[in-house]
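What the coordinates show
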Amino acid sequence: MRLRLYHHPDGTRVAYRERGAGPPLALIHSAMLSHKEWEPSVEQLSAHFRVVLPDLPLHGDSEESPVHPYTLDWFAEVLGGFAADVLGPSPLIGAHGAGAEVLLQAVATRRMRPSRLVLMSSRLHAPPEHARSRALWRAAAMAGAIPGLDRVAGYGMRAVFGPGRATRLSVRGNPAAHDLLRHAFADAPGNAALARSWAKCARAWPTGAREDLLELYPRLDMPVLLLWADQDRLHPLATAEAALALLPNAQLRVLPSTGFLMAYDDPVGLARERVAFCG
């Protein structure tokens, strides 16, 4: 895949990969990962689309400077600028986890209007599952703002999210998932700037239910695909079913025997559903 860079007007650097020809299809990864989340499905998808895989700021090869605010709305602004510059008007776009939160914020604030929208397993409007674990992670990430701790915080992050954790995120135990997490945290140890940026993001990110999205759903008149894993403990199917009832032009598809890392559990099924929906 070819590596390219987008530069936002505020100086933010977004690295992205692309492969294939045809209509652009962008896929936005979840928190703590990178474009590599989608690699298992790229070969099948690139036969139909120009597949565009950005690294969100704070991830992969993209921006990590602590000069930026790293709020949800700021991420949405950067994503909207990226889409306008790289994808063009009315893109095909899908997102997973925190990436779906950013995408919905960009749509809600009219920074982009996709022609078709693929929302993969995420919390959507619901409060996060496993609130205690998330609170502990938030507190640990915010410690990166403390001088001295900013240089060691990355070692803790790599220990917590080491390759062994991939086994619990992939229902089918795909060993390639180990490389995904290894790559995601390769630059974290000793990286004080990254730790301070993550602290800002953890402090600013919404922690409760997103009731504003319940008002957004009925206004989303473009086709929407809710593509869910059946064994993702972080994102229950009931959340997708509640959103489906409010979305005027949506369908729900569930991939059997898949967990958080759907592309590593069933790359062919994931690609098949996207091609069938995006055409």
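Refer to the preceding data block for the structure.
Everything in this summary refers to the structure shown in the same document. (Residues numbered from 1 in each chain as written. Predicted model: local features only at pLDDT ≥ 70, side-chain atom pairs only at ≥ 80, totals over all residues. Heavy atoms only, no water.)

**Let's talk about the overall build of the protein chain**
What counts is decided by this rule: A run of H or I in DSSP counts as a helix once it spans at least four residues, and a run of E counts as a strand once it spans at least two, with each numbered from the N terminus. In this description the radius of gyration comes from C-alpha coordinates, and the expected globular size is given by 2.2 Å times residues to the power 0.38. Relative accessibility thresholds used throughout: buried, under 20% of the residue-type maximum; exposed, over 50%; partly exposed, between the two (1.4 Å probe, protein chains only). Any pair of residues with heavy atoms lying within 4.5 Å of one another is described as a contacting pair. Surface exposure here means Shrake-Rupley accessible area, sampled with a 1.4 Å probe, where a residue is shielded only by the protein chains that are shown.
Looking only at helices and strands, one finds twelve helices and eight strands in the protein chain. Here the C-alpha atoms of the protein chain give a radius of gyration of 17 Å, agreeing with the 19 Å that 2.2 N^0.38 yields for 279 residues. Each principal axis of the C-alpha distribution contributes one length, and for the protein chain these read about 50 × 40 × 40 Å. Counting all 279 residues of the protein chain, 52% fall into the buried class. Intrachain contacts of the protein chain at a sequence separation of at least 6 include 77% that bridge at least 24 residues. Within the structure as shown, the protein chain displays about 11600 Å² of accessible surface, and the carbon and sulfur contribution to it stands at 53%.

**Digging into the packing of helix H4 (residues 131-142) against helix H8 (residues 192-204)**
Using the following cut-off: Every axis in this analysis is a line fitted to C-alpha atoms, fitted for helices over the stretch in contact. Angles between the N-to-C directions lie between 0 and 180 degrees. Angles below 35 degrees are treated as roughly parallel, those above 145 as roughly antiparallel, those between 65 and 115 as roughly perpendicular, and all remaining angles as oblique. Crossing handedness: left-handed means the near helix sits turned counterclockwise from the far one by under a right angle, and right-handed means the same turn made clockwise. Under the scheme applied, nonpolar residues are Ala, Val, Leu, Ile, Met, Phe, Trp, Tyr, Cys and Pro; charged residues are Asp, Glu, Lys and Arg; polar residues are all the others, including Gly.
One way to put it is that H4 packs onto H8 with a least axis distance of 7 Å and a crossing angle of 135 degrees. Classed by the angle they form, the pair H4 and H8 counts as oblique. Here H4 and H8 pass one another in a crossing that is left-handed. Taking contact as the criterion, the partners of Trp 137, Arg 138, Ala 141 and Met 142 in H4 are, on H8, Ala 195, Trp 198, Ala 199, Ala 202 and Arg 203. A per-class count over the contact of H4 with H8 returns seven nonpolar, no polar and two charged.

**Digging into the pattern of salt bridges**
Rules: Take a side-chain nitrogen of Lys or Arg and a carboxyl oxygen of Asp or Glu: if they are within 4 Å of each other, that pair is a salt bridge.
Under the definition given, this model contains 14 salt bridges. Note that Glu 273 and Arg 253 form a salt bridge whose closest N and O atoms lie 3.0 Å from each other. One end of the pair, Glu 273, is in helix H12 (residues 267-278); the other, Arg 253, is in strand S8 (residues 250-255), and 20 residues separate them in sequence. Each member of the salt-bridge network shares a partner with another, and the members are Arg 2, Arg 4, Glu 18 and Arg 50.

**Details of the packing of helix H2 (residues 72-87) against helix H3 (residues 98-108)**
The N-to-C vectors of H2 and H3 enclose an angle of 75 degrees; their axes lie 8 Å apart at closest approach. On the basis of the axis angle, H2 is roughly perpendicular to H3. Between H2 and H3, the residues in contact are Leu 72, Asp 73, Phe 75, Ala 76 and Leu 79 and Glu 101, Val 102, Leu 103, Gln 105 and Ala 106, respectively. Along the lines of polarity and charge, the residues of the contact of H2 with H3 split into seven nonpolar, one polar and two charged.

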